[in-house]
Amino acid sequence: VCGPTMSSAGPAWPRVRALRALWTLMVALSAPWRLWAIEDIQECTWHVVLNEFNRIGENSASDRFFVQDLVDTVGGVFRMLVDSAIDPDEKYLGFPYYLKINYSCEGQPSEDLVRKGHLTGLKPLVLVTFQSPVNFYRWKIEQLQIQMEAAPFRSKEPCMAEEVCVMSWYTPMPIKNGSVVMDVHIRSNGLGPFVPDKRFQVNINGFLKREQDSAVRFTVGEELTDLKPQYFVNMSSRPLWFTVDQSPVFILGGIPNEKHILMSDTSFKDFSLLELSIDSCWVGSFYCPQSGFTATIYDAIATESTLFIRQNQLVYYFTGTYPILHDSNQGSGSWVRVLASECIKRLCPVHFPGNGSEYVMALTAGKNEGYVHFGTITDGYVSFEMLPRQWSVCEQIGVDSCSITWAEFIPGNYYLLLLVENKYVNAQHDFQMVGYNIVTNELKIHYKIPEFIPEARGLEFLMILGTESYTNTMMLPKGMCYNPYNNLLFIWGNFLLQSADMANFIYLADFPKEQSISYLVRSFQGDMAIVTETEEIWYLLEGSYQLYKLFPSRGWEVHLSLQVMQRSSLYSPSETMVTLFYEDGRLKQLVYLVENQRGRLVKRPVPVETLLMYMQYNRYDLQRQGSHLTLSFANLCPFMEMNLRGLPNPQRYTRQERYRARPPQILEPSGFHSENSLAVYQGLVYYLLWLHSKYDKPYADPVHDPTWRWWKNKKHDKDYYFYLASNWRSAGGVHIDMDSYEKIYDLEPESELPERIFLDKGAQYNFSIFMTAQGRQFQTPLAPEVTYSLRSPVSVGVVLADPSCIEATVKPQVLINRKSVLFEIVLKEKEFCYDQGLSGHHLLKTSLSVKVLGSSGHCFQNTHQGPRMQGNLMLPVLIGCPPGKRLAFDITYTLEYNHLQNKHYFDCVHLDPEMPCFLYRDIFYPFFLIQDLVTGDSGSFQGSFVLKVVGGGPTLNSIRDYSKEEIYRYNSPRDNTESLIWTTRTKITTEDMAFHIMSHGSSGIEWLCLKNSPCYDTIPQSIFSPEFFFKVLVSNRGVDNSTYCNYQLTFLLHIHGLPLSNTRALLIVMVSASIFLGLVMLYVIFCLMWPLMVKACNILRFKINNILASGSYYSYSTSSRISTTLSQSPGASSAVAQDEAKPELEQTLKKEWFI
């Protein structure tokens, strides 16, 4: 410690500055690992390619994802595992592809790095997320993930080293019915070198096929390899249109004078240039005027399985081969031309699916101008309908001539928004926004767009009320864009209008009226980019009113200069933007770069936050401190720190089902897997997903977990299998750990809001925001009576997209000692916004937005992936019945309770453990479970429900579904046709008294089977009593107000011991009695007649024996005389022989006589 006597002369401030510099140096030297971590984060990255099942271990192998058939060759490997935890008799299949994983760092060989990572314990952890399908009527809606650990595998190519030269990590690439879009997230296990997380799009491309020569070719056209500069240089960019989160491939047209498109199934990480195999004809007529012919593909739209293009006035579509989606595995053989007699001037996309289908719209010109051809795509089948159905838009709004400029469809409301240009005789025109309800066929004029652009007078925005002044610049609308999550509608052209209710609009004055918007790009997560006709890029945070010009700008010049200094391969002095789009909430740019007279297409991020930060650096001050001027930059952000706290466990709200699968343990000292062990890994992952798909069944298992059936018979032998593995005696050289294949129910929350949440009736979501003020002091309010409250230096606002459906409360808590504020936010559903629906069906889209006052475009957080914007949060909310909830028949408790109440239980003669029987004469007490497949919760259903018998038959093969009329007669207490199948003592019924309302405490079901019911007088199939299979439907719709879920369950109920009808019973008794009496009489007659029959038989037999004996005697006498005559010549020996044979003959005659 230095005392005052050791202080140097001079001012005090240089000493303070020196101490600060030394302190900074000490911090840097005391934490060198932070610098190394930053360096690793900036340089290293993961790499992923696909390898087909039989090409594993090839260094340069990289395959395209189009095969959708499972591999059945892994079964032979499993048959070798005779003494292991799995049952070798089960059917195990494999997936057609592996994920091959490596990583690289700048300036170092990848092979050396992978070996180093393996030796230091690095293992990639792979999380595969399956996107839910569009058609929820065919496939179950679920948010499914599987987490796998990659297994090291040596290359099969020759190597001079003793152990390994080249290696990679491999995991199976699983596929699932109904899902063609997969998101692959790779992260490190925390050991070895640090490699930042990375996400990849791995999608199935159904527009590829394998030819007879094993070559893989496109079905839509011919692949080209030459990216000519004239295709892109000096050409305007074009929008990328696709169904959000559902399209496995992207297509992009706009290549001048060529019928070429760009296609990519990896979100343009790689791509192919294709020449389409279309006829390119041009049909011009008096109703379809064309100024000229061109081969350019103007509009291109990609959906889940179908591609749409427009060339001139012609529209084509092509359906890919997706057997994993559709019943048929045959896609389109060629491009199909639709609307052949129409003059199509534009295709308009629909970004979100609805009602199990996707949509596309075609705007007409010529004879049918004023109509929209509305296309519906369901399971690859395309159909078009012309809307409005009765009169054209022009006729309904009362004008002689009009033209539809743009169309926007809102699937959740079945509502069509149209931007209509009205044309008058005096060459004047105006624009209107018109709405058309597809269900009710009602058309409504929502808004008349002003003729001229308003005069904003230096304001950022202006509320258009009709009283404002206008400039001389005409408004020229070109399109619309609607976000179903926040209900914001934008009308754009040489202006930008914003509305939240389709009636009141705000003019955003920051956009210059001298420019004209070419297209909008939206993330649907609160961000929006604008591209003008002159290729300028603007940025807008939805809900705010300030626009930022990203390119060209001062910030872009600074960023470009820094990239050139770093010799980045993503930038060039000569470049042309091809398109702009959002990927995972981040703005991406596809650009064509020209370097050394060679061109290439690259995808690169648009650093929005970095550009906005560079723009702020223009604001600085020079402050005098003593005799020196100090440069200080103005920090416009109102807070220093912002983070989220108190986030709940995510799965209850995000509905993500996650499984974990680790590779089997191998008995190999080097730790490298073999082809057989990886095949076992394939089969185990397949079987895990197969158990998941089969778990959604009507009868609930005793244990609520899909993996319970896998190990239930071998769990007690777990220690034995571990003993075999510990002594290197496991069959096949692999050990399967039962705990390595499980379902995860306890995921921890991350440090950010989830991508979306689901809310059921009355559910709420809580979280907190912690913020530290930026160099400001807390102030007490002016009111003297409030002495303990403090005025917060930061303010938070909450914006609800649908205030009638959700509500939010914000409770601030000022922490004066930390100069911070904690905002507790509670989002709650209002319980009367939505009707009951099936799990995951017809969900209402809405959102919650949290905004910090003054933070828009000014607040950023530095991360290892670059700066991130802060102060604006958007949480998409889906209201309705969340996915993953179901109603199941609690067979275990039902059997126990029925046995207890009826004092006995009689099962069928032929037992079926999956479907136990119930006796007809016993009271039937059914019980049901509400099971949450996401969180693992399972409890008795306490709500009300309606039970109906909707089908049945005496055997499983003869079950049929009943008609609505039959269902009413068989189940309704109001039936008077003697058709009831069952009844109950419960008197509560539905409002129309059509059906009984039952609950957990109901008195049970009595089986009736009246004479007009299908179970009446059932004919027995064997000697046992008659049986019947009832198809039972249970639903709580309309009778249970505690949830938005329509818990609908259909299951088979096996009833035995059914009684016979009186007629059939009497007939059986009479027939049985007749047969019995006949048998008795036959027995009596037989007993009386038996002695006489015996005597008669004896006499008859005696006479027959006499006849036979007489015939034998005469035959014997004749033969004796002949033999005597012949024996006289031979001598005395013959006579002696005859004398010896005579006693034997006499004995024989005696025997014959007494027979």
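Residues numbered from 1 in each chain as written. Predicted model: local features only at pLDDT ≥ 70, side-chain atom pairs only at ≥ 80, totals over all residues. Heavy atoms only, no water.

Participant: How would you explain the overall build of the chain if you had to name every residue and give the values?
Facilitator: When you go through the chain residue by residue, the secondary structure sums to 15 helices and 67 strands. Taking as baseline every contact in the chain between residues at least 6 positions apart, the subset at least 24 positions apart corresponds to 63%. With an accessible surface of roughly 57300 Å², the chain has 54% of that area assigned to carbon and sulfur atoms. (Helix = DSSP H or I, 4+ residues; strand = E, 2+ residues; numbered from the N terminus. Contact = heavy atoms within 4.5 Å. Areas by Shrake-Rupley, 256 points an atom, 1.4 Å probe, with all protein chains shown as cover.)

Participant: Run through the environment of Gly 762, naming residues and quoting values.
Facilitator: With respect to the helices and strands, the residue Gly 762 is situated in the loop between strand S49 (757–759) and strand S50 (764–773). Spatially, the C-alpha atom of Gly 762 lies 4.9 Å from that of Glu 831, the residues being 69 residues apart in sequence. Once residues lying within four places of it in the same chain are set aside, the contact partners of Gly 762 are Lys 828, Glu 829 and Glu 831.

Participant: Quick rundown of the pairing of strand S16 (residues 299–302)? Include the residues and the values.
Facilitator: The alternating pattern of S16 places Asp 299 and Ile 301 on one face and Ala 300 and Ala 302 on the opposite face, and all of these are buried. Direction of pairing for strand S12 (residues 241–242) relative to S16: parallel, over a ladder of two bridges. In the sheet register, Trp 241 faces S16, and the bridge partner there is Ile 301. Hairpin geometry of S16 and strand S17 (residues 306–311) is characterised by an intervening segment of three residues between the two adjacent antiparallel strands. (Buried < 20%, exposed > 50% of the residue type's maximum accessible area, 1.4 Å probe, protein only. Pairing = 2+ DSSP bridges.)

Participant: Before we move on, could you go through the environment of Phe 242 and cite the residues and values that matter?
Facilitator: Here Phe 242 is to be found in strand S12. Expressed as a C-alpha distance, the spacing of Phe 242 and Ala 300, which sit 58 residues apart in the sequence, is 8.6 Å. Aside from chain neighbours lying at most four places away, what touches Phe 242 is Ser 247, Phe 250, Ala 302 and His 351.

Participant: Explain the side chain of Ser 104 to me, and be specific about the residues and the numbers.
Facilitator: Mapped onto the secondary structure, Ser 104 falls in strand S2 (residues 97–105). Relative accessible area serves as the criterion here: at 18%, Ser 104 is assigned to the buried category. Here the side chain of Ser 104 touches His 47 through a polar contact of 2.5 Å, side chain to side chain. (Polar contact = N/O pair within 3.5 Å; in protein donor to acceptor, adjacent residues only side chain to side chain.)

Participant: Lay out the state of the cysteines with the relevant residues and their values.
Facilitator: Here the structure, examined in full by the defined rule, presents seven disulfides. Two residues, Cys 394 and Cys 402, share a disulfide whose sulfurs are 1.8 Å apart. Note on the Cys 394 and Cys 402 pair: the S-S dihedral is about -85 degrees, so by sign convention the disulfide is left-handed. Here the two residues Cys 394 and Cys 402 agree in accessibility, since each one is buried. There is a disulfide in this structure between Cys 637 and Cys 859, and the S-S distance comes to 2.0 Å. Where Cys 637 bonds to Cys 859 through sulfur, the torsion about that S-S bond is close to 110 degrees, and the disulfide is right-handed. Of this pair, Cys 637 sits in the loop between strand S43 (628–633) and strand S44 (639–645) while Cys 859 sits in the loop between strand S54 (844–852) and strand S55 (860–863), and the two are 222 residues apart along the sequence. Classification of Cys 859 as buried rests on a relative accessible area of 0%. (Disulfide = S-S within 2.5 Å.)

Participant: So what about helix H7 (residues 608–616)? Which residues, and what values?
Facilitator: Counting buried positions along H7 gives eight out of nine residues, so the element sits mostly inside the fold. Along H7, the positions that sit buried rather than exposed are Val 608, Glu 609, Thr 610, Leu 611, Leu 612, Met 613, Tyr 614 and Gln 616. Residues of H7 that are buried in the fold lie against strand S37 (537–541), strand S38 (547–551), helix H6 (554–565), strand S40 (586–595), S55 and strand S56 (866–869).

Participant: Got a sec to walk through the sheet that holds strand S27 (residues 443–449)? Specific residues and values, please.
Facilitator: Strands sit in the order S24-S25-S26-S27 across an open sheet of four strands; the sheet is antiparallel. Looking along the sheet, the strands with just one partner apiece sit at the ends: strand S24 (401–410) and S27. The average angle at which neighbouring strand axes cross in this sheet is 25 degrees, direction not considered. Summarising the sheet, strand S26 (residues 429–437) and S27 pair through six bridges and their orientation is antiparallel. Paired with Val 434 across the bridge in S27 is Ile 445. (Axes fitted to C-alpha atoms, helices over the stretch in contact; angles between N-to-C directions.)

Participant: I'd love a proper account of helix H11 (residues 718–726), names of residues and values included.
Facilitator: Listed as buried for H11 are Tyr 721, Leu 724 and Ala 725. Seen end-on, H11 carries its buried residues on one side only, within an arc spanning 100 degrees. Structural note: H11 exposes Asp 719 and Phe 722 on the side pointing more than 90 degrees away from its buried face. Those residues of H11 that are buried are in contact with strand S47 (734–735). Phi for Trp 728, located one or two positions after H11, is positive at around 55 degrees. (Arc of directions from axis to C-beta.)

Participant: Describe in detail the packing of aromatic side chains, supporting the description with residues and values.
Facilitator: Counted under the stated rule, the structure contains 59 aromatic pairs. These aromatic residues form a ring-pair network of at least three members: Phe 78, Tyr 92, Tyr 687, Trp 690, Trp 710, Trp 711 and Tyr 741. Lying over the aromatic face of Phe 770, Arg 645 brings its terminal NZ or CZ to 3.9 Å of the ring centre. A cation sits over an aromatic face here: Lys 948 above Phe 995, 4.3 Å from the ring centre. (Phe/Tyr/Trp six-rings, centres within 6.5 Å; stacked < 30°, edge-to-face > 60°. Lys NZ or Arg CZ within 6 Å of the ring centre and 35° of its normal.)

Participant: I'd like a description of the pattern of salt bridges, backed by residues and values.
Facilitator: Overall, the coordinates contain 47 salt bridges when judged by the stated rule. Among the ionic pairs, Asp 701 bridges to Lys 697, the shortest N-O distance being 3.0 Å. Here the residues in one salt-bridge network are Lys 140, Glu 142, Lys 176, Asp 696 and Arg 886, joined through shared partners. (Salt bridge = Lys/Arg side-chain N within 4 Å of Asp/Glu carboxyl O.)

Participant: Account for unusual backbone geometry, with residues named and values stated.
Facilitator: Among all residues save glycine, negative phi is the norm, and among peptide bonds the norm is trans. Residue Pro 388 is reached from Leu 387 by a cis peptide bond, and omega for that bond is -10 degrees. Inspection of the secondary structure puts Pro 388 in the loop between strand S23 (381–387) and helix H5 (393–397). Cis peptide bonds are those with omega within 30 degrees of zero, and the linkage from Phe 551 to Pro 552 qualifies with -10 degrees. Here Pro 552 shows up in the loop between S38 and H6. Look at Ser 214: it is not a glycine, yet its phi comes out positive at around 70 degrees. Along the chain, the position of Ser 214 falls in the loop between strand S9 (208–210) and strand S10 (216–218). At Asn 312, a position not held by glycine, the phi torsion is positive, near 55 degrees. Locating Asn 312 in the fold gives a position in the loop between S17 and strand S18 (314–319). Judged by relative accessible area, which is 4%, Asn 312 ranks as buried.

Participant: I'd like to hear about the packing of H6 against H7, residue by residue, with values.
Facilitator: H7 packs onto H6 with a crossing angle of 115 degrees between their chain directions and a minimal axis gap of 8 Å. As far as their axial angle goes, H7 and H6 are roughly perpendicular. Seen along the crossing, H6 lies across H7 with a hand that is right-handed. Here Gly 555, Trp 556, Val 558, His 559 and Leu 562 of H6 come into contact with H7, specifically with Thr 610, Leu 611, Tyr 614 and Met 615. Partitioning the contact of H6 with H7 into residue classes produces six nonpolar, three polar and no charged. (Parallel < 35°, antiparallel > 145°, perpendicular 65-115°, else oblique. Left-handed = near helix turned anticlockwise from the far one by under 90°. Nonpolar A, V, L, I, M, F, W, Y, C, P; charged D, E, K, R; others polar.)

Participant: Report on the sheet that holds S44, specifying residues and quantitative values.
Facilitator: Across the sheet, which stays open at both edges, the four strands sit in the order S44-S50-S53-S52 with antiparallel pairing between neighbours. With one partner strand each, in any of the chains shown, S44 and strand S52 (806–815) form the two edges of the open sheet. When the angles between neighbouring strand axes are averaged without regard to direction, this sheet yields 20 degrees. In this sheet, S50 lies alongside S44 in antiparallel orientation, the contact comprising six bridges. Bridging from a neighbouring strand, Leu 644 pairs with Ile 769 of S50.

Participant: Describe the UniProt feature "transmembrane region" (unreviewed entry) in the chain, naming the residues involved and giving the relevant values.
Facilitator: Per the UniProt record, the feature "transmembrane region" (unreviewed entry) sits at residues 1065–1093. Split by type, residues 1065–1093 is 100% helix and 0% strand. Its first and last C-alpha atoms lie 40 Å apart. (UniProt positions renumbered as here; feature names shortened; annotations may be inferred.)

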